[in-house]
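Observations on the three-dimensional arrangement
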Amino acid sequence: MSRTSPVSRRALLGAGTALGVGGLLTACGDDKGDGGGNSSKQGGSWAFKDDRGKTAKADSKPRRIVAYIGAAAALHDFGIECTGVFGPTKLKNGDPDVQAAGVDVDKVTVIGNAWGQFSIEKYAALKPELLISTMNVSPTLWYVPEESADKILPIAPSVGILTGRTTLTKAIGRFAELAESLGADLRAAKVTAAKKRFEDASERLRKAAKAAKSRGGVRVLAMAAQADRMYVGDPRDFTDLRHYRDLGVQFVTPTSTAKGGFFQDLSWENADRYEADLILVDKRTGNLQPAELRKSKPTWARLPAAEADQVIPWFNEAQFSHAGYAPLIERLAKAMEDSKKVA
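Owing to the predicted nature of the structure, the values given are computational and were not obtained by experimental measurement. (Residues numbered from 1 in each chain as written. Predicted model: local features only at pLDDT ≥ 70, side-chain atom pairs only at ≥ 80, totals over all residues. Heavy atoms only, no water.)

**What about the nonpolar core?**
Ile132, Tyr244, Tyr325 and Met336 are the most contacted members of the largest nonpolar core, which has 83 residues in total. For Met336, the contacting residues outside a window of four places in its chain are Leu205, Ala208, Ala209, Ala212, Arg215, Val218, Val220, Val249 and Leu278. The next biggest cluster of nonpolar side chains, apart from the first, holds 20 residues, and it includes Ile279, Leu288, Ala305 and Ala306. (Core = buried A, V, L, I, M, F, W, Y, C linked by side-chain atoms within 4.5 Å. Buried < 20%, exposed > 50% of the residue type's maximum accessible area, 1.4 Å probe, protein only. Contact = heavy atoms within 4.5 Å.)

**A closer look at the side chain of Asn287**
For Asn287, the location among the structural elements is in the loop between β12 (278-282) and α8 (290-296). At 3.0 Å, the side chain of Asn287 forms a polar contact with the side chain of Gln226. From its side chain, Asn287 meets the backbone oxygen of Arg284 in a polar contact 3.1 Å long. (Helix = DSSP H or I, 4+ residues; strand = E, 2+ residues; numbered from the N terminus. Polar contact = N/O pair within 3.5 Å; in protein donor to acceptor, adjacent residues only side chain to side chain.)

**A look at the pairing of strand β1 (residues 46-49)**
Along a regular strand, successive side chains alternate from one face of the sheet to the other. Both β1 and strand β2 (residues 55-58) contribute to a ladder of four bridges, which runs antiparallel. When the bridges of β2 are listed, Lys49 appears paired with Thr55. Counting the residues in the hairpin turn of β1 and β2 gives five residues, including Gly53, whose phi is positive at 85°. (Pairing = 2+ DSSP bridges.)

**With respect to the pairing of strand β8 (residues 219-225)**
For β8, a buried count of six out of seven residues is recorded, marking the element as mostly surrounded by other parts of the structure. Bridging between β8 and strand β10 (residues 250-251) involves two bridges; their strand directions are parallel. Among the inter-strand pairings, Val220 is bridged to a residue of β10, identified as Phe251. In this structure, β8 lies alongside β12, joined through four bridges in parallel fashion. When the bridges of β12 are listed, Val220 appears paired with Leu278. Sheet topology note: the β8/strand β9 (residues 230-233) ladder contains three bridges and is antiparallel. In the strand pairing of β9, Ala225 is matched with Met230.

Laid out in structure tokens, this is it:
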């Protein structure tokens, strides 16, 4: 979880972007979720059935929306802006956190910027008409503190979109449905162009993975780095990695993970436990990045992929939109095209 202070273990292992159980869609164009029951007739009442199975209702389309920053970023890409946000939004110097993506962080009210922070007073003062968050596991809303949820949730209707234990295309599709219900035009040129770019990028990655396999294979390891531990991601538990794996990318799969899945944590002395030709490093705030690792972790510097500079960022909690994921898939495709077997 991206934050401006070191990542808490609970939040890190929760890994909000992304996880996955169940079959991954292979067709990139199938973006319709199966929540059903959504309506938003102009001038009439509004309703949306979320991934908890609950239907949020209002007399008209909600306008004063407060959302987890990742959800706000996804909605922004579909043309819907939020009034307030919570979650990693601003760095200590005031710059946007990587998870803010296209959201103008100076035009939204931040009611909590780190794990466990959620100002009920600020939230209520915004007179919210809708609360939106993602979910790793239903029905828990990401970054809505469980200990105060009974005070937060009665203030306004809420929507939870499942981004864990689902597929990338389905998660994006559910945000598209939600955005459309709130007034977004999914036929707008910007939106359709982003979808095509996503589909083209996915096809490029499929071809790159196939070509890499013909060259002897490129094994990819996804990881997060903390001062004391190295966390190896399980591709079965991350929605984005599952999508990439379905397109043919060969991932390192850890032999075990912590309770709840997502990562296996290793001491830095055991950083070479798994052979990898390409490494994806968690870009979220609070995680060590390759330049820091090279200076401070000798075992990292000796890894074949690190020595070959076959390392790229892993945006573990990118916004679930075509615009959000297309450039990430393109970056991975290029890395697969350029990488050689080194392990």
